[in-house]
Amino acid sequence: MQRRPFWLTRPLKIAEVRKQAEIMELETRQFYQKAIGQVTDAGVRKLLGDLEEVERKHQITAEALEEKITPDVEKKEDEAQRRLFCIGRSCSQVWPD
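In this text the structure is predicted, and so the values were computed from the model without any measurement. Counting starts from 1 at the beginning of each chain's written sequence and moves along it residue by residue. Reporting of local features is limited, given that this is a predicted model, to residues whose pLDDT is at least 70; pairs of side-chain atoms are given and counted only at 80 or more, and all residues count toward the totals for whole chains, interfaces and linings. Side-chain numbers come from the whole structure's heavy atoms, not from hydrogens or water.

Peer 1: Go over the overall build of the chain with me, naming the residues and quoting the values.
Peer 2: If you tally the helices and strands in the chain, you get four helices and zero strands. Counted from the first residue to the last, the chain has its helices and strands arranged as α-α-α-α. Per-residue burial over the chain gives 18% buried out of 97 residues. Contact definition: two residues touch when any of their heavy atoms are within 4.5 Å. For the chain, the share of sequence-separated contacts (at least 6 apart) that also reach a separation of at least 24 residues comes to 49%. Working note: accessible area of the chain is about 7,600 Å², and carbon and sulfur atoms make up 56% of it. Helix and strand labels come from DSSP, where a helix needs a run of H or I of at least four residues and a strand needs a run of E of at least two; each type is numbered from the N terminus. Only protein chains enter the accessibility calculation, which uses a 1.4 Å probe; a residue whose area is less than 20% of its type maximum is buried, one above 50% is exposed, and one in between is partly exposed. Per-residue accessibility takes into account occlusion by the displayed protein chains alone, with areas from the Shrake-Rupley method and a 1.4 Å probe.

Next comes the structure, spelled out in structure tokens:
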């Protein structure tokens, strides 16, 4: 799989990282599901099914954690992200509001 290197984007915001991780999990699950239909070896099919199941569990865990993100938590994350990005920079020039 080829992916655009989104982590080189600046500023890289926490919400964007979460969204990209969600997309990567979905793409990986779809890859395993498609591969299962293309292989004939039972052991390889089982392995791919196990891997797909792990990706599904990642998605469930991420969704459960996301439900716990309150507006207060989002604000604190944004403030921490801004401080981290602004180290050694003039943030008024580089951080979009």
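Next, the rest of the story.
Peer 1: Can you tell me about the packing of helix H1 (residues 14–36) against helix H2 (residues 42–66), naming the residues and giving the values?
Peer 2: One way to put it is that H1 packs onto H2 with a least axis distance of 9 Å and a crossing angle of 160 degrees. Classified by the interaxial angle, the pair formed by H1 and H2 is roughly antiparallel. The crossing of H1 and H2 is left-handed. For the pair H1 and H2, contact is made by Glu25, Thr28, Arg29, Tyr32, Gln33, Ala35 and Ile36 and by Arg45, Leu48, Gly49, Leu51, Glu52, Glu55, Arg56, His58 and Gln59, respectively. Tallied by class, the residues present in the contact of H1 with H2 amount to five nonpolar, five polar and six charged. Axis lines are fitted through C-alpha atoms, for helices just across the contact stretch, and the angle between N-to-C directions can take any value from 0 to 180 degrees. An angle below 35 degrees is read as roughly parallel, one above 145 as roughly antiparallel, one from 65 to 115 as roughly perpendicular, and any other as oblique. We call a crossing left-handed when the near helix sits turned anticlockwise from the far one by less than a right angle, and right-handed when that turn is clockwise. Here the nonpolar group is Ala, Val, Leu, Ile, Met, Phe, Trp, Tyr, Cys and Pro; Asp, Glu, Lys and Arg are the charged ones; every other residue, Gly included, is treated as polar.

Peer 1: I'd like a rundown of the packing of aromatic side chains, residues and numbers included.
Peer 2: Two descriptors summarise a pair of aromatic rings, namely the distance from one centre to the other and the angle between the planes of the rings. Side-chain rings of Phe, Tyr and Trp (the six-membered ring for Trp) are treated as a pair once their centres are within 6.5 Å; stacked means planes under 30 degrees apart, edge-to-face means over 60, and tilted covers the remaining angles. Within this structure, the stated rule accounts for one aromatic pair. Aromatic side chains phenylalanine 31 and tyrosine 32 sit 5.7 Å apart centroid to centroid with 65 degrees between the ring planes, which places their arrangement in the edge-to-face category.

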